[in-house]
Amino acid sequence: MAIQISCTSLNELPEVVEQVLRASEGIAIWALEGDLGAGKTTFLQAAGKHLGVREAIQSPTFSLVNEYTLPDGTPVYHFDFYRLETAEEALDIGAEEYFYSGARCWIEWASRIEPYLPVPRLSIYIHRRDNEERIFEIERYE
Ligand code: ADP
Ligand code: MG
């Protein structure tokens, strides 16, 4: 069952992060969807701040994956598959090893690798309403 969360300004993002974390209890994989500029990276920056990631969170460009560290020393892997031509390119960088490592994985443009998305995962679809308002539609797949 999908849950919808309205976010009418950037100030509300920390609350959205808390709700998403509650909804994703026990799930390491976040599959993010939404048009360019919807707010996927911005949401992940807020999530990283909440979780205590020290590195700057930016979409990976050339490497397809960025690695961050949580205060307990465990890694977070951040993917952006916007530029992927085929889903198999993700396999070439060892995406499945990251996905099944148990570490948190945040995947922008997850639909580009639909057949390889692991279960359980949390799907996060960000719809842009206008300049500031976003609807976050989240659903657990397990
Ligand atoms: P994406 O990664 O989906 O392409 P970005 O996070 O890079 O999108 O860009 C989203 C843009 O929308 C940013 O400039 C951000 O400041 C802006 N924005 C405005 N309101 C919101 C909101 N409520 N949630 C997320 N981003 C927002
Ligand atoms: Mg992005």
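Thresholds applied
Residues numbered from 1 in each chain as written. Chains lettered and ligands numbered in written order. Predicted model: local features only at pLDDT ≥ 70, side-chain atom pairs only at ≥ 80, totals over all residues. Heavy atoms only, no water. Donors = N, O, S within 2.8 Å, 3.2 Å for Na, K, Ca; no water. Helix = DSSP H or I, 4+ residues; strand = E, 2+ residues; numbered from the N terminus. Buried < 20%, exposed > 50% of the residue type's maximum accessible area, 1.4 Å probe, protein only. Near = heavy atom within 4 Å. Polar contact = N/O pair within 3.5 Å; in protein donor to acceptor, adjacent residues only side chain to side chain. Areas by Shrake-Rupley, 256 points an atom, 1.4 Å probe, with all protein chains shown as cover. Nonpolar A, V, L, I, M, F, W, Y, C, P; charged D, E, K, R; others polar. Pairing = 2+ DSSP bridges. Axes fitted to C-alpha atoms, helices over the stretch in contact; angles between N-to-C directions. Contact = heavy atoms within 4.5 Å. Salt bridge = Lys/Arg side-chain N within 4 Å of Asp/Glu carboxyl O.

A. Representation of the coordination of the magnesium ion (ligand 2) in the model. Within the protein, Thr 41 (OG1) and Glu 108 (OE) serve as the donor atoms for the magnesium ion (ligand 2), at 2.1 to 2.3 Å. One end of the pair, Thr 41, is in helix H2 (residues 40-51); the other, Glu 108, is in strand E5 (residues 104-108), and 67 residues separate them in sequence. Glu 108 shares its class with Thr 41; the two are buried.

B. Looking closely at the site of ligand 1. Around ligand 1 sit 15 residues, and of these Gly 37, Lys 40, Thr 41, Thr 42 and Arg 134 come closest. Between an oxygen atom of ligand 1 and a main-chain N or O atom of Gly 37, the distance comes to 2.8 Å. Glu 108 is positioned such that a nitrogen or oxygen atom in its side chain is 3.3 Å from an oxygen atom of ligand 1. Relative to its unbound accessible area of 570 Å², ligand 1 is 76% covered by the protein chains. Sort the elements by how many residues they give to the shell around ligand 1 and H2 lands first, with 3 residues. Taken together, the residues that form the shell around ligand 1 break down as 4 nonpolar, 6 polar and 5 charged.

C. The pairing of E5, seen in detail. E5 sits mainly inside the fold: 4 of its 5 residues count as buried. Both strand E2 (residues 29-33) and E5 contribute to a ladder of 4 bridges, which runs parallel. Paired with Trp 30 across the strands is Trp 106, a residue of E5. Sheet topology places strand E4 (residues 75-80) next to E5; 5 bridges connect them, and they run parallel. Along E5, the bridge assignment pairs Tyr 77 with Cys 105.

D. Fine view of the sheet that holds strand E1 (residues 3-7). Across the sheet, which stays open at both edges, the 7 strands sit in the order E1-E7-E6-E2-E5-E4-E3 with mixed pairing between neighbours. Among the strands making up the open sheet, the edge pair consists of E1 and strand E3 (65-69). Each strand of the sheet is rotated relative to its neighbour by a mean of 20°, with strand direction disregarded. Packing against the sheet, helix H1 (residues 13-23) makes contact with E1, E2, E5, strand E6 (121-128) and strand E7 (134-141), and its axis sits at approximately 165° to E1. Against the sheet, H2 contacts E2, E4, E5, E6 and E7, and its axis sits at roughly 165° relative to E5.

E. Quick peek at the pattern of salt bridges. Taken as a whole, this structure holds 3 salt bridges when the rule is applied. Note that Arg 121 is salt-bridged to Glu 114, the shortest N-O span being 3.8 Å. Using a relative accessible area of 9% as the deciding quantity, one classes Arg 121 as buried. With a closest N to O distance of 3.3 Å, Arg 129 and Glu 133 form a salt bridge.

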